[in-house]
Amino acid sequence: MQLFNNFVLATKYSLTFSRINGIWLRNIQCRCLSSIQENSTAKNSSNVPAANATERISHEQKTQSQRSQNSLHIAVIGVPNAGKSTFINNLINHRVCPTSSKVHTTRKASKAIYTSGQTQLVFYDTPGLVTPREIKRHNLEQNFKSAYKHAIQHADIIACMHDVSNSWSRNALHSTVLETLNEYKHLPSFLILNKIDALKSKRVLLELIRVLTNDTISSTQSLWSRKQKNRSKRIEETQDKSPALSEEKKEKDVSWSNFQEVFLVSSLTGSGLNDIHDYLVKVAKERAWEYSKGSFTDETPEAIVVESVRARLLDYLPQEIPYNLHSQIEYYSEEKGTIYASVEVTCPSSRIERLICGESNGKLKQITERVTSDLVETFGKPISLTIATRSKKANESKKI
């Protein structure tokens, strides 16, 4: 009996302990669930500011990247055949502007884009500054003069190109150049003395700097003078004395007093171009780029093809004949990395057409090969080019 009572008492205590433990276990489970829910809520609420912070950081980085970008728009002006297009091509190290040995190769303003590091330079290749008489003589468009004005209006600085190889015109800035500089005198400008490789006497260059700038560029102001100060002294001592420029030509109407810098370059050989590059990067303005990093020009591929054909026609045809021709694109496409293009050249007469084609179309073949080589250099891709000629007075056409 005593054993039975002890068993009942033990069972009672066991049941009581189990109930208590159950309550404790349920309480522990509830507390754990509550803690998990609180942590989850806190985590979700903390994700919102974290996401906002990420977006804010990304926006700040993008803004900072734009702020660190610099750009400069340069209008390159000068008389015809001063070497503006060659200068731009060699400075940006990319053939963008068509060139030829004749004047008025560039008929409209176009952009050449060069991006180096954080700086983007946008060059305006402008038509040569001409008089109304020259416009009529070379059958130029009526908007020929307005083309360079439009470029200057969008530029930050003016680069004045001057050909020093021409002994007849190198001692004075052309009247059209002076008029343009005076009209836009609110813009900074610098002088580029081009084709210095054609001069044997360096003393003439030193005298030209003094005359063309009205003796306003000193060795402490000019970037070139600072770098070449000691070399200039040696040149003066070693070079034969050349006759000084006539006092009659040292007048204000042949010079411009507001040039900020003077550079001596040879666009053909590349001499002196690095100094201009460094100067333009230095004076560039802090602002976002206008074009992507891989851009070289704003011209369409079709326009580049037509202008390249027209430029080589200037080289291969005599006198005024190429100025009376009209070139237009017939076909353009790109398939599997190869460019296919066809250009039609309209001639004023059958005689001119025969002159272009040559015997057995030999001359037209030479022109086509030369243009093809130019375009391969421009686009960096294989090109299949066809040039067709057509006379206004005949329906037949010849193709090469």
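Described below are features of the structure shown in this document. (Residues numbered from 1 in each chain as written. Predicted model: local features only at pLDDT ≥ 70, side-chain atom pairs only at ≥ 80, totals over all residues. Heavy atoms only, no water.)

**Examining the overall build of the protein chain**
And step 1. When its secondary structure is counted, the protein chain shows 11 helices and 11 strands.
And step 2. In the protein chain, which comprises 400 residues, the share counted as buried stands at 43%.
And step 3. The contacts of the protein chain with a sequence gap of at least 6 include a subset with a gap of at least 24, amounting to 73%.
And step 4. Entry remark: accessible area of the protein chain is about 22800 Å², with carbon and sulfur atoms responsible for 50%. (Helix = DSSP H or I, 4+ residues; strand = E, 2+ residues; numbered from the N terminus. Buried < 20%, exposed > 50% of the residue type's maximum accessible area, 1.4 Å probe, protein only. Contact = heavy atoms within 4.5 Å. Areas by Shrake-Rupley, 256 points an atom, 1.4 Å probe, with all protein chains shown as cover.)

**Things to note about the pattern of salt bridges**
And step 1. If you walk through the whole model with that rule in mind, you get 12 salt bridges.
And step 2. A salt bridge links E299 to K108, with the shortest nitrogen-to-oxygen separation between them at 3.6 Å. Taken as a pair, E299 in the loop between β7 (285–286) and α9 (301–316) and K108 in the loop between α2 (84–92) and β2 (110–116) lie far apart in primary sequence, 191 residues in all.
And step 3. Classification of K108 as partly exposed rests on a relative accessible area of 42%. (Salt bridge = Lys/Arg side-chain N within 4 Å of Asp/Glu carboxyl O.)

**What to know about the environment of I113**
And step 1. By the element assignment, I113 lies in strand β2.
And step 2. What makes I113 buried here is its relative accessible area of 1%.
And step 3. Sequence-wise, I113 and Y124 are 11 residues apart; in three dimensions their C-alpha atoms are separated by 8.9 Å.
And step 4. Those residues within four positions of I113 in sequence are excluded, and the remaining contacts are I92, Q120, L121, Y291, S295, F296, T297 and D298.

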